[in-house]
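Observations on the three-dimensional arrangement
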2 protein chains.
Amino acid sequence: MITQLHAVLREAGLKVTAPRLAVLAAIENAPHAGADDLFGAVRLELPGTSLQAVYGVLGALTTAGVLRRIEPAGSPARYERRVGDNHHHIVCTTCGAVADVDCVHGDAPCLAPSATNGFTVQSAEITFWGLCPKCQAAAQSEAAAASAVHDRLSST
Amino acid sequence: MITQLHAVLREAGLKVTAPRLAVLAAIENAPHAGADDLFGAVRLELPGTSLQAVYGVLGALTTAGVLRRIEPAGSPARYERRVGDNHHHIVCTTCGAVADVDCVHGDAPCLAPSATNGFTVQSAEITFWGLCPKCQAAAQSEAAAASAVHDRLSST
DNA sequence: CACTTGTCTTGAGTAATTCAAAACACCGGC
DNA sequence: GCCGGTGTTTTGAATTACTCAAGACAAGTG
């Protein structure tokens, strides 16, 4: 597997270094991870690595097209290996968790807005906002607790 | 017109204050402006206003549903008055300019992704990326200049 | 194996935003 | 029209995510 990651880097025309392999390995285990998360993961294997190195690696891999950088509102930047296909993201409004979503329409329709105010459209990006399964459960049990309190209060 | 803005605030259940009126007035003149731009505009009319007051006003108005906050990747947060309708944005990849775009599909289709990984979808947000008219022109004249240089070099 | 080029470490700096506490102002009631 | 409570604004500081720069170091070419 290390050899595979090695190949990924070479094919992108990049030098193969330990921090780069570590970042790639970390991202396999944690898709949509942020720089800080990856830094934590990389440190476990390569304790000497600096945060700036991680930023450098992420920048280089993103420029080379190996990684895609996504930046949901209110959340630090996240990175993913899936590049070159048309997929979008759903972000949890409560905890910020991210999951992949394939576009319902394939890709064409969303790339053709009606009026562009003179802009040339290069790409379209869709972000869905909602609740992840975990936060749905948390919201439900919280609602249950609240209504229990309400019952108690209104019965006095 | 000041009375109109006044009414906007009262109807949202908010106290009417000079900074709030000034921010609302500024946003009428500059839709999609960021906190810093608005701070600059507000200062012209209300020199004593602090940047934190502007952040406070923007936060309060956003929570009250009077403003919408948009946060394109790589750009500070921007605010707009158009709320409650289904429209999206196109952002210039070069200068960050933002324009409104009405969704081709109305609103329904983009709200129904095929597989949501267990997430509950609350809303969908589409960001188009492209070049604004100004940057298209700049890119063209730069390309022309580059090819002129190329001509000169290749003719030697 | 040496050399070149690009990468990583170390250290500092920046932009956008948030937090906290005290002074102040809006506005409903008197 | 004035007063008081509540919410807003000011002042000042802190935080987060990220970028910049310079020198030490390592990957890969020949």
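Being a predicted model, the structure only gives us computed values, none of them experimental.

1. A few points about empty space enclosed by the protein
In this structure the tally under the stated criterion is two cavities of 30 Å³ or more. What the largest cavity holds in volume is close to 290 Å³. In this structure, the largest cavity is lined by 24 residues; those nearest its centre are Glu71, Glu125 and Thr127 of chain A together with Glu125 and Thr127 of chain B. Looking at the lining of the largest cavity, the elements that each hand over two or more residues are β2 (68–70), β4 (87–92) and β6 (120–131) of chain A together with β4 (87–92) and β6 (120–131) of chain B.

2. Observations regarding the packing of helix α2 (residues 18–29) of chain B against helix α3 (residues 35–45) of chain B
All names here are of chain B. It is at 9 Å that the axes of α2 and α3 come closest, and there the two elements cross at 115 degrees. Between α2 and α3, the angle falls in the class roughly perpendicular. Here α2 and α3 pass one another in a crossing that is right-handed. Contacts between α2 and α3 pair Ala22, Val23, Ala26 and Ile27 from the former with Leu38, Ala41 and Val42 from the latter. Each residue belonging to the contact of α2 with α3 can be placed in one class, and the counts come to seven nonpolar, no polar and no charged.

3. A word on the protein's contact with DNA strand D
Around DNA strand D sit 18 residues in total, of which Ala77 of chain A together with Thr17, Arg20, Ser50 and Ala53 of chain B are the nearest. Sugar and phosphate atoms constitute 71% of the interface atoms of DNA strand D, taking the interface as everything within 4 Å of the protein. The contact in question runs from a phosphate oxygen of DNA strand D to an N or O atom on the backbone of valine 16 of chain A, over 3.0 Å. Within the backbone of glycine 48 of chain B, a nitrogen or oxygen atom sits 3.3 Å from a phosphate oxygen of DNA strand D. Ranked by residue count, the leading element in the surface near DNA strand D is helix α4 (residues 51–63) of chain B, at three residues. Tallied by class, residues from the surface near DNA strand D come to seven nonpolar, six polar and five charged.

4. Concerning the sheet that holds β4 of chain A
With mixed pairing, the six strands of this open sheet are ordered in space as β5(A)-β4(A)-β6(A)-β6(B)-β4(B)-β5(B). On the outer flanks of this sheet lie β5 (98–102) of chain A together with β5 (98–102) of chain B, each paired with one strand and no other. Taken over all neighbouring pairs, the strand axes of this sheet differ in orientation by 30 degrees on average, direction set aside. Here β4 of chain B runs beside β6 of chain B; their pairing, made up of four bridges, is parallel. Across the sheet, the residue bridging to cysteine 92 of chain B is glycine 130 of chain B, located in β6 of chain B.

5. Some words on the environment of arginine 20 of chain A
Residue and element names in this part refer to chain A. Tracing the sequence through the fold places arginine 20 in helix α2 (residues 18–29). The buried category is assigned to arginine 20, whose relative accessible area is 18%. With 37 residues separating them along the chain, arginine 20 and valine 57 place their C-alpha atoms 5.9 Å apart.

6. Looking at the protein's contact with DNA strand C
As a matter of local geometry, DNA strand C sits amid 19 residues, with Thr17, Arg20 and Ala53 of chain A together with Val16 and Ala77 of chain B nearest to it. Sugar plus phosphate, as a fraction of atoms of DNA strand C within 4 Å of the protein: 72%. In this structure, a base oxygen belonging to DNA strand C sits 3.2 Å away from a side-chain N or O atom of glutamine 52 of chain A. Elements with a minimum of two residues in the surface near DNA strand C: α2 and α4 (51–64) of chain A together with α4 of chain B.

7. Here's the deal with the pairing of β6 of chain A
With eleven bridges joining them, β6 of chain A and β6 of chain B adopt antiparallel strand pairing. Bridging from a neighbouring strand, glutamate 125 of chain A pairs with threonine 127 of chain B of β6 of chain B.

8. A few points about the nonpolar core
Grouped burial of nonpolar side chains is what soluble globular proteins tend to show. Counting 24 residues, the largest nonpolar core has Leu9, Leu24, Leu38, Leu58, Leu61, Leu67 and Tyr79 of chain A as the members making the most contacts within it. Sorting the residues of this core by element identifies α1 (2–11), α2, α3 (35–45) and α4 of chain A as the ones contributing at least two each. Broken down by element, the residue count for this core peaks at seven residues, all from α2 of chain A. Ranked by size, the runner-up nonpolar core spans 23 residues in total, among them Leu14, Ile27, Ala33 and Leu61 of chain B.

9. Regarding the sheet that holds β2 of chain A
Residues and elements named next belong to chain A. As summarised here, the arrangement of the three strands in space is β1-β3-β2, forming an open sheet in which the pairing is antiparallel. Where the open sheet ends on each side, the last strands, each with one partner, are β1 (33–34) and β2. Where β2 and strand β3 (residues 78–80) come together, three bridges link them in antiparallel fashion. The residue of β3 that forms the bridge with isoleucine 70 is arginine 78.

Calculation notes
- Residues numbered from 1 in each chain as written.
- Chains lettered and ligands numbered in written order.
- Predicted model: local features only at pLDDT ≥ 70, side-chain atom pairs only at ≥ 80, totals over all residues.
- Heavy atoms only, no water.
- 1 Å grid on protein atoms, 1.4 Å probe; cavity = no way out; pocket = protein on both sides within 12 Å on 5 of 7 lines; lining within 4 Å.
- Points joined across faces, edges and corners; volume = space filled by probe spheres on them.
- Helix = DSSP H or I, 4+ residues; strand = E, 2+ residues; numbered from the N terminus.
- Axes fitted to C-alpha atoms, helices over the stretch in contact; angles between N-to-C directions.
- Parallel < 35°, antiparallel > 145°, perpendicular 65-115°, else oblique.
- Left-handed = near helix turned anticlockwise from the far one by under 90°.
- Contact = heavy atoms within 4.5 Å.
- Nonpolar A, V, L, I, M, F, W, Y, C, P; charged D, E, K, R; others polar.
- Near = heavy atom within 4 Å.
- Polar contact = N/O pair within 3.5 Å; in protein donor to acceptor, adjacent residues only side chain to side chain.
- Pairing = 2+ DSSP bridges.
- Buried < 20%, exposed > 50% of the residue type's maximum accessible area, 1.4 Å probe, protein only.
- Core = buried A, V, L, I, M, F, W, Y, C linked by side-chain atoms within 4.5 Å.

The analysis is restricted to geometry; functional conclusions fall outside its scope.
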